[in-house]
Structure formats: C-alpha cells, structure tokens
Amino acid sequence: MALIVLEGMRFHAFHGVHPEEQVLGGEYVVNVEIQTGIAAAAKTDDIASTPVNYETVFQICMAEMAEPKKLLETVVTNIIHRLKRQFSQMKSVKVQVRKLYPPIHAKMGPLQQGRFQPISGRVEAAWVQDDASFVSNCPRCKASFLCYTDDTCWCKEIQNIHPATQETLKRQFGSTCLCQNCLKLYAG
Ligand SMILES: [Zn+2]
Ligand SMILES: [Zn+2]
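Report follows, based on the coordinates.

1. Section: the packing of helix α3 (residues 54-65) against helix α4 (residues 72-86)
Angle between the axes and distance between the axes: these two values describe a pair of packed helices. As a packed pair, α3 and α4 sit with axes 10 Å apart at the nearest point and diverge in direction by 140 degrees. Seen along the crossing, α3 lies across α4 with a hand that is right-handed. Only V75, N78, I79, R82, L83 and Q86 of α4 make contact with α3, whose side of the interface consists of T56, V57, I60, C61, E64 and M65.

Structural data, given as structure tokens:
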C-alpha cells in the first residue's frame, strides 16, 4: 500500500460567512493523502502509469479553492468528489482544509469582562478534515475490490446491464457494487 501526499498547498481564498472573508479573503492550507497502488508506475517510471498524478491533485484543489463557499465542510466534500471522479484507483482519500487565523466574531458576556481578555480573539487555524475508504468486499464472491459507492464509481460506466437486471442486483446485494468479474456475468 502506497501513500501519495500533497502537503501544505497554500491558497489565498474567499471562503467563509463573514464579509471580510468574502471580500479580503484569507490564507488557507490544503493537505491531501491518497492510498493507492504504485507498482506499475514504479516499474515503468512513466507518468502515464501512475494511478494518481499529484499535479492533477493540485489542480483539483486549486479549482475548488477558487470557488468561494461559506463552509470548509463544503470545500472538503467537493474536493473529495472531484478526486473520485478523476482517479478510479484510490483505496482511500483524506482531505484537510485549514483556514489560517480565522476571524472569530465572539461576543464577551458580562462575566468575561474585566480582568479576562482574550488576545484579540486570535485563533491559529480552523480546519475540517474528511476521509473515505473504498476497499470493499464483493457481496457475491467476497473478493476485495474498489467501490466508490456513488455516481463516481467505475461500475457506472458499464452501460450494458439491463435496467431490470440492475434492479434485481440492487434488491439482492444492496447499494454496494459487485466486483468486475461478477458484474461481467450480468452484462451483455
Ligand atoms: Zn464478485
Ligand atoms: Zn461501485
């Protein structure tokens, strides 16, 4: 199992609910960790055989960071969704978006006034992280394989399964895909 990591991608972006965040923007750091197999790429030393190209990962993060959102949760989720669309062989993915020195608009209650003073409400970072693992066991043959469990999954490309057969499979095996071998039995 190999990790492909992009650490400390820095962006000036405009996420947030406060007007100053949307107008002036702020500094963000994005970290991405992807588990995947690298044997083929290592053997050929060819960029074309890498399942995850980290320049593409950077471009995906940049595209999502350029899109102002109120919540970091939205940004993280959108980055993960795009990564799933782009790369079909991720075993797992972890994305963290850090907002540096976020403005905190907290009011002080009467008990907090007097000697106690927060140091200008300064917070080093607010961050949101999410991760997902895509290794799953085929509900039919129990072999382990990768399933993204949504519209980004490779199996959605398989067009030649009759809708009625798809319904039967769903009833029998739930929302998890079957592995490629088992799915082939129902295709065509
Ligand atoms: Zn199977
Ligand atoms: Zn699937």
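2. Section: the environment of I34
By secondary structure assignment, the location of I34 is in strand β2 (residues 26-36). Along the primary structure I34 and G16 are separated by 18 residues, whereas in three dimensions their C-alpha atoms are 26 Å apart. Not counting the four nearest positions on each side in its chain, I34 is found in contact with I4, V52, M90 and V93.

3. Observations concerning unusual backbone geometry
Even without being glycine, Y101 reaches a positive phi, approximately 45 degrees. Examined against the element boundaries, Y101 turns out to sit in the loop between β3 (92-100) and β4 (125-133). Residues other than glycine seldom take positive phi values, yet K142 does so here, at roughly 70 degrees. Mapped onto the secondary structure, K142 falls in the loop between β5 (135-137) and β6 (144-146). Judged by C-beta crowding, with 8 C-beta atoms within 10 Å, K142 ranks as exposed.

The rules behind the values
- Residues numbered from 1 in each chain as written.
- Chains lettered and ligands numbered in written order.
- Predicted model: local features only at pLDDT ≥ 70, side-chain atom pairs only at ≥ 80, totals over all residues.
- Axes fitted to C-alpha atoms, helices over the stretch in contact; angles between N-to-C directions.
- Helix = DSSP H or I, 4+ residues; strand = E, 2+ residues; numbered from the N terminus.
- Left-handed = near helix turned anticlockwise from the far one by under 90°.
- Contact = placed C-beta atoms within 7 Å.
- Buried ≥ 20, exposed ≤ 12 C-beta atoms within 10 Å, placed from the backbone.

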